[in-house]
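A closer look at the structure
Residue strings, one per chain:
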Amino acid sequence: MRSTKRLRAGLILAAAGAIAATFAMILSSSATAGTTLGGSAAEKGRYFGAAVGTYKFGDNTYMTVLNREFNSLVPENEMKWDATEPQQGRFNFSAGDRIVSHARSRGMSVRGHTLLWHAQQPGWAQGLSGGDLRNAAINHVTQTAAHFRGQIYAWDVVNEAFADGGSGGRRDSNLQRTGNDWIEAAFRAARNADPGAKLCYNDYNTDGINAKSTGIYNMVRDFKSRGVPIDCVGLQSHLGTGIDSSYQANLQRFADLGVDVQITELDVMQGGNQANIYATVARSCLAVSRCTGITVWGVRDCDSWRGSDNALLFDCAGNKKPAYDAVLRELNQGNPIPTTPNTSPRTTPPTTPPTIGPGGCTATVSVNQWNGGFVANVRVTAGSSAINGWRVTLALPSGATVTGAWSANRSGNTGTVQWTNVDYNGRAAAGQSTEFGFQATGTAGVLNPFCAAS
Ligand code: G3I
């Protein structure tokens, strides 16, 4: 009897201990979750990040706020073309690596910013044009994305390529003058170099439904319809004293195209409305299930490119501003991302693996030729049965030499060149298509690709 009592008492004590431990765990995780930007965003399946500069890494106040509040980082300048390839073909990733390594050591994700942009190009690239610039740009995308392969959550592959004003068209730039397909060529090269990173198009003055955001919307819709690999759209959100009433509707219309949206460079001019505007942005993101995270463009007001606008969430001493409280409140009240994660089509495994049938495959090619070089996109289409892999043979005219490719393995670079699928694009259901591409010097002429299922 006594031993039964002792056993019962022991069990009760053990159970109480377990409950206390669980409670303590819940308390500590909810304390972090409810009281920091990153912790609260994570509770909702999202990230809350900041743009950082390595030149501030020795500043204790800065590092304390950074490490406590954020669960994602983006280099403000360290991954740009002028920083990473100061001389043609000579790469320097050391400052970017430092940010990646700091983030990884603290379990933060990293956004990569930016592979191609009309600004902050190294002097040597500013002096190039035509095929030389296109080749250099695609090489830059390939080398940079390959260096950081596996470490970047999302890349701003192309930044700010659309014009301001009412045209809804592209901005003139040396890159745009290499041909309208420069953006899709960059996305294909990035996918090839780092298939795991989400690939984003990023721009400003897109914080509502307007001519510029509609131009980008049309490009994304076109990319999705043609299989150009794009996964997300970044809305910078450098805001003044107001916010467009269609802010959330704009996020939603991009999400409805089948891409994620991210607020990538948020800052808001200080004034009567700063806290409300920050809150509206956070609330809008949390209301859109494909809005996966928010990044503010700096840590404290004094770290910001906007100087006296005092546009950030912390004052120069590292104190939380009213806008901080407003954002945290929205993060804690908002909707979590639904438990079924959004997956882009490329990562969705087919429910029944296709089997090789007698239907074979066909290939068609479209070429963008410029003086001295061209980019070719090859579309492989399965015949009347599904295929598990493919091989395309293509005879190039004399004088044409392949200099780079994406989404295919290659043997040879002149004469008859053979291309085979990479691991993620070998399978296609009957009648379905996949694409690969390459870049070459010389003249394409008429290309007749031959496809065989393997
Ligand atoms: O590092 C040099 C320093 O050695 C030199 O003494 C100093 C003299 O001016 O310049 C320093 O470089 C500056 C760099 O920021 C680092 O502070 C550049 O001059 C300056 O042009 C550069 O500005 C950056 C700007 O992009 C360049 O266009 C800002 O920090 C950065 O916040 C800003 O970020 C952009 C995004 O990439 C794209 N969207 C808009 C956003 C704001 O403009």
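Note that the structure is a prediction, hence the values are computed from the model and not measured.

1. Thoughts on the confidence of the model for the protein
Here the protein averages 88 in pLDDT, and 88% of its residues register 70 or above. Note that residues 1–31 has pLDDT below 50 and, in this model, zero contacts with residues that lie over four places away or in other chains. Across residues 340–357, where pLDDT falls below 50, the model places 26 contacts with residues more than four positions away in sequence or in other chains.

2. Quick word on the pattern of salt bridges
Following the criterion strictly, the structure yields 21 salt bridges and no others. One salt bridge in this structure joins Glu-69 and Arg-68, with 2.9 Å as the shortest N-O distance. By relative accessible area, Arg-68 is classed as partly exposed at 37%. Linking Asp-156 and Arg-111 is a salt bridge whose minimum nitrogen-to-oxygen distance equals 2.8 Å. Of this pair, Asp-156 sits in strand β4 (residues 154–159) while Arg-111 sits in strand β3 (residues 109–117), and the two are 45 residues apart along the sequence. In terms of burial, Asp-156 and Arg-111 fall into one category: buried. In this structure, a network of salt bridges that share partners links the residues Glu-184, Arg-188, Asp-222, Arg-226, Arg-379 and Glu-435.

3. Examining the packing of aromatic side chains
As enumerated under the stated definition, the model contains 15 aromatic pairs in all. Aromatic side chains Phe-93 and Phe-148 sit 5.4 Å apart centroid to centroid with 75 degrees between the ring planes, which places their arrangement in the edge-to-face category. Taken together, the residues span a long stretch of sequence, with Phe-93 in the loop between α4 (81–84) and α5 (94–105) and Phe-148 in the loop between α7 (130–147) and β4 at a distance of 55 residues. When sorted by exposure, Phe-93 lands in the same class as Phe-148, which is buried. For the pair Phe-162 and Tyr-201, a centre-to-centre distance of 5.8 Å together with 80 degrees between the ring planes defines the contact as edge-to-face. One end of the pair, Phe-162, is in the loop between β4 and α8 (182–193); the other, Tyr-201, is in strand β5 (residues 198–203), and 39 residues separate them in sequence. Judged by its relative accessible area of 4%, Phe-162 is buried. An aromatic cluster of at least three residues, connected via ring pairs, comprises Phe-374, Trp-390, Trp-419, Phe-436 and Phe-438. Geometry around Tyr-204 places Lys-212 over its ring, the cationic atom sitting 3.6 Å from the centre. Directly above the ring of Tyr-217 sits Arg-253, whose terminal nitrogen or CZ lies 4.8 Å from the centroid.

4. Concerning the sheet that holds strand β16 (residues 433–441)
One open sheet accounts for four strands, arranged β10-β11-β16-β13; its pairing is antiparallel. Of all strands in the sheet, those with a lone pairing partner are β10 (361–370) and β13 (401–406), marking the two edges. Here the average twist between neighbouring strands, direction ignored, is 25 degrees. Both β13 and β16 contribute to a ladder of five bridges, which runs antiparallel. The residue bridging Thr-401 from the neighbouring strand is Thr-441, located in β16. Set on the sheet, α7 makes contact with β10, β11 (373–382), β13 and β16; between it and β10 the angle comes to about 125 degrees. Across the face of the sheet, α8 comes into contact with β11, β13 and β16 while running at roughly 70 degrees to β13.

5. With respect to unusual backbone geometry
With an omega of -5 degrees, the peptide bond running from His-113 to Thr-114 counts as cis. Following the sequence through the fold, Thr-114 ends up in strand β3. Of note, Gln-120 is a non-glycine position whose phi angle comes to about 50 degrees, a positive value. You can see Gln-120 is positioned in the loop between β3 and α6 (123–126). The phi dihedral of Ser-237 falls on the positive side, at around 65 degrees, and the residue is not glycine. One can find Ser-237 in the loop between β6 (232–235) and β7 (238–239).

6. A look at the environment of Gly-49
Position of Gly-49 among the secondary structure elements: in strand β1 (residues 47–52). On the basis of relative accessibility, which here comes to 0%, the residue Gly-49 falls in the buried class. The contact partners of Gly-49, leaving out residues within four places of it in the chain, are Phe-70, Ser-72, Ile-294, Thr-295 and Val-296.

7. Overview of the side chain of Glu-76
Residue placement: Glu-76 occurs in the loop between β2 (72–75) and α4. Buried within the structure, Glu-76 lacks any salt-bridge partner; Lys-80 is the closest side chain of opposite charge, at an N-O distance of 6.6 Å.

8. Points about α8
Look at α8: 16 Å from first C-alpha to last across twelve residues, which is about the 16 Å you get at 1.5 Å a residue. For α8, the tally of buried residues reaches eleven of twelve residues, placing the bulk of the element in the interior.

Rules and cut-offs
Residues numbered from 1 in each chain as written. Predicted model: local features only at pLDDT ≥ 70, side-chain atom pairs only at ≥ 80, totals over all residues. Heavy atoms only, no water. pLDDT = per-residue confidence, 0-100. Contact = heavy atoms within 4.5 Å. Salt bridge = Lys/Arg side-chain N within 4 Å of Asp/Glu carboxyl O. Buried < 20%, exposed > 50% of the residue type's maximum accessible area, 1.4 Å probe, protein only. Helix = DSSP H or I, 4+ residues; strand = E, 2+ residues; numbered from the N terminus. Phe/Tyr/Trp six-rings, centres within 6.5 Å; stacked < 30°, edge-to-face > 60°. Lys NZ or Arg CZ within 6 Å of the ring centre and 35° of its normal. Pairing = 2+ DSSP bridges. Axes fitted to C-alpha atoms, helices over the stretch in contact; angles between N-to-C directions. Lys, Arg positive; Asp, Glu negative; His and termini not counted. Expected span 1.5 Å × (residues − 1).

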